[in-house]
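Here is what each chain is made of, one letter per residue.
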Amino acid sequence: MRRLVSETTLRPRQLILPMFVAEGAAQPRPIASMPGVVQHTRESLRKAAVDAVRAGVGGLMIFGVPRTRDATGSGAIDENGILNVALRDVRSELGDDTVLMADTCLDEFTDHGHCGVLDAGGGVDNDATLKLYAEMGVAQAEAGAHMLGPSGMMDGQVGAIRQALDDAGHTETGILAYSAKYASAFYGPFREAVDSQLKGDRKTYQQDPGNAREALREIELDVAEGADAVMIKPAMTYLDVLRAAAEVSPVPVAAYNISGEYAMVEAAAANGWLDRERTILEVLTSIRRAGADMILTYWAAEAAPWLD
Ligand code: PBG
């Protein structure tokens, strides 16, 4: 009877696996604060991507970890930059069998770790950054990404990238906008995952955790600029925002079950304090119940087979 009246579905196709690929890695490198997640080599990324898609995962979101960084994050735009090379690898391996997504943000590639370039005063220069995002987006589309994930929270980023894609003939490349991304302490493990160089915080561009109305305004702007889907991030501590977004968004809504959410559950489970599998399924089900059409989660490939 419970099965008959169950209100929330959780299917592998609704899960997106975020993956890291490190330039020059000879073997996959474990990420200490995210047990079970690695910085892939180009080869292990291809293989893990195929395995995830075979397990039924609906999409992949690729992050690059370069060997060298500079002030403008030029490795993000370079066609031989690690992320663009890896996108080409995965696209040639999987073609259109999955939705291949790319993180469109400079933070992994800048030597100061910010999501954009800096002005003379050391603050992030929003509009100068837009030009670079536009170039990065076109490079990623050319490398084979089906969908771009602008995660830098610069004002106008969706419009700038959409315009550049269209001008370059990439009219079919989609945009999954990180519309409401909060300045969260839960990103901690991710910073290790991408060897982030960040000192300080992202409070001049990411949202205040106390603000919900602002998230809806950000979604409205992104949709007007051409977003094909919008995202709320993090997920577990923002389920109310997710619900509000799902109620008004005219496009599909994603939620990012981020690194700190993963780390908390893994650490507690490793101590025997939580039943790991039950907890993971409860987390993912709750995010769906709150209104996410799709969930980015580091458990995507592992959880997919549990859902049958
Ligand atoms: C920035 C970016 C971050 C994450 C995804 N993209 C970190 C940040 O904004 O500091 C976090 C993802 C996670 O914590 O799992 N490009």
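See the structure above.
Being a predicted model, the structure only gives us computed values, none of them experimental.

Participant: Explain the pattern of salt bridges to me, using residue names and the numbers behind them.
Facilitator: In total, this model carries 11 salt bridges according to the counting rule given. In this structure, Glu 302 engages Arg 276 in a salt bridge whose closest nitrogen and oxygen atoms are separated by 2.7 Å. A residue pair is termed long-range when its members are at least 10 positions apart, and Glu 302 in helix α11 (residues 300-303) and Arg 276 in helix α10 (residues 276-290) qualify at 26 residues. Relative accessible area serves as the criterion here: at 35%, Glu 302 is assigned to the partly exposed category. According to the relative accessible area criterion, Arg 276 is partly exposed, its value standing at 24%. One connected set of salt bridges, linked through shared partners, spans Arg 42, Arg 46, Asp 89 and Glu 93.

Participant: Which residues make up the site of the ligand, and what values go with them?
Facilitator: By nearness alone, 17 residues border the ligand, and Asp 107, Arg 191, Lys 233, Ser 259 and Tyr 298 come closest of all. A distance of 2.8 Å is found between a nitrogen atom of the ligand and a side-chain nitrogen or oxygen belonging to Asp 107. At 2.7 Å, a side-chain N or O of Ser 259 approaches an oxygen atom of the ligand. For the ligand, the protein covers 100% of the area, taking 400 Å² as the surface of the free molecule. By residue class, the composition of the shell around the ligand is 7 nonpolar, 3 polar and 7 charged.

Participant: Tell me about the environment of Val 21, and name the residues and values.
Facilitator: Inspection of the secondary structure puts Val 21 in strand β1 (residues 15-22). By relative accessible area, Val 21 is classed as buried at 0%. Sequence spacing of Val 21 and Asp 119 is 98 residues, and the spatial spacing of their C-alpha atoms is 29 Å.

Participant: Explain the packing of aromatic side chains to me, using residue names and the numbers behind them.
Facilitator: Taken as a whole and assessed by the stated rule, the structure comprises 9 aromatic pairs. Where Tyr 182 meets Tyr 238, the ring centres are 4.2 Å apart and the plane angle is 20°; that geometry is what we call stacked. Residue Tyr 182 is found in the loop between β7 (174-181) and α6 (188-193), and its partner Tyr 238 is found in the loop between β8 (229-233) and α8 (239-248); the two are separated by 56 residues along the sequence. Among the aromatic side chains, those forming a connected cluster through ring pairs are Phe 20, Phe 63, Tyr 178, Phe 190, Tyr 256, Tyr 262, Tyr 298 and Trp 299. Across from the ring centre of Tyr 187, 5.5 Å away, lies the NZ or CZ of Lys 181, which sits over that ring. We note Lys 233 situated over the ring of Tyr 256; from NZ or CZ to the ring centre the distance is 4.4 Å.

Participant: Which residues make up the side chain of Glu 108, and what are the values?
Facilitator: Mapped onto the elements of the fold, Glu 108 is located in the loop between β5 (99-104) and α4 (126-143). Despite being buried, Glu 108 has no salt bridge partner; Arg 202 is the closest side chain of opposite charge, sitting 7.2 Å away. Excluding residues within four positions of it along the chain, Glu 108 makes contact with Phe 63, Gly 64, Pro 66, Arg 69, Asp 103, Phe 190 and Val 194.

Participant: So what about the environment of Met 236? Which residues, and what values?
Facilitator: Relative to the elements of secondary structure, Met 236 occurs in the loop between β8 and α8. Residue classification places Met 236 among the partly exposed residues on the basis of a relative accessible area of 30%. A C-alpha to C-alpha distance of 8.7 Å links Met 236 and Ile 258, two positions 22 residues apart in sequence. Not counting chain neighbours up to four residues away, the residues in contact with Met 236 comprise Asn 257, Glu 261 and Val 283.

Participant: Quick one: what's the story with the state of the cysteines, residue by residue and with numbers?
Facilitator: If you walk through the whole model with that rule in mind, you get 0 disulfides. There is no disulfide at Cys 105, and the cysteine sulfur nearest it, in Cys 115, is 3.4 Å away. A residue is classified by how much of its surface remains accessible, and Cys 105, at 0% relative accessible area, is buried. Look at Cys 115 and you get buried, because its relative accessible area is 1%.

Definitions and limits used
Residues numbered from 1 in each chain as written. Predicted model: local features only at pLDDT ≥ 70, side-chain atom pairs only at ≥ 80, totals over all residues. Heavy atoms only, no water. Salt bridge = Lys/Arg side-chain N within 4 Å of Asp/Glu carboxyl O. Helix = DSSP H or I, 4+ residues; strand = E, 2+ residues; numbered from the N terminus. Buried < 20%, exposed > 50% of the residue type's maximum accessible area, 1.4 Å probe, protein only. Near = heavy atom within 4 Å. Polar contact = N/O pair within 3.5 Å; in protein donor to acceptor, adjacent residues only side chain to side chain. Areas by Shrake-Rupley, 256 points an atom, 1.4 Å probe, with all protein chains shown as cover. Nonpolar A, V, L, I, M, F, W, Y, C, P; charged D, E, K, R; others polar. Phe/Tyr/Trp six-rings, centres within 6.5 Å; stacked < 30°, edge-to-face > 60°. Lys NZ or Arg CZ within 6 Å of the ring centre and 35° of its normal. Lys, Arg positive; Asp, Glu negative; His and termini not counted. Contact = heavy atoms within 4.5 Å. Disulfide = S-S within 2.5 Å.

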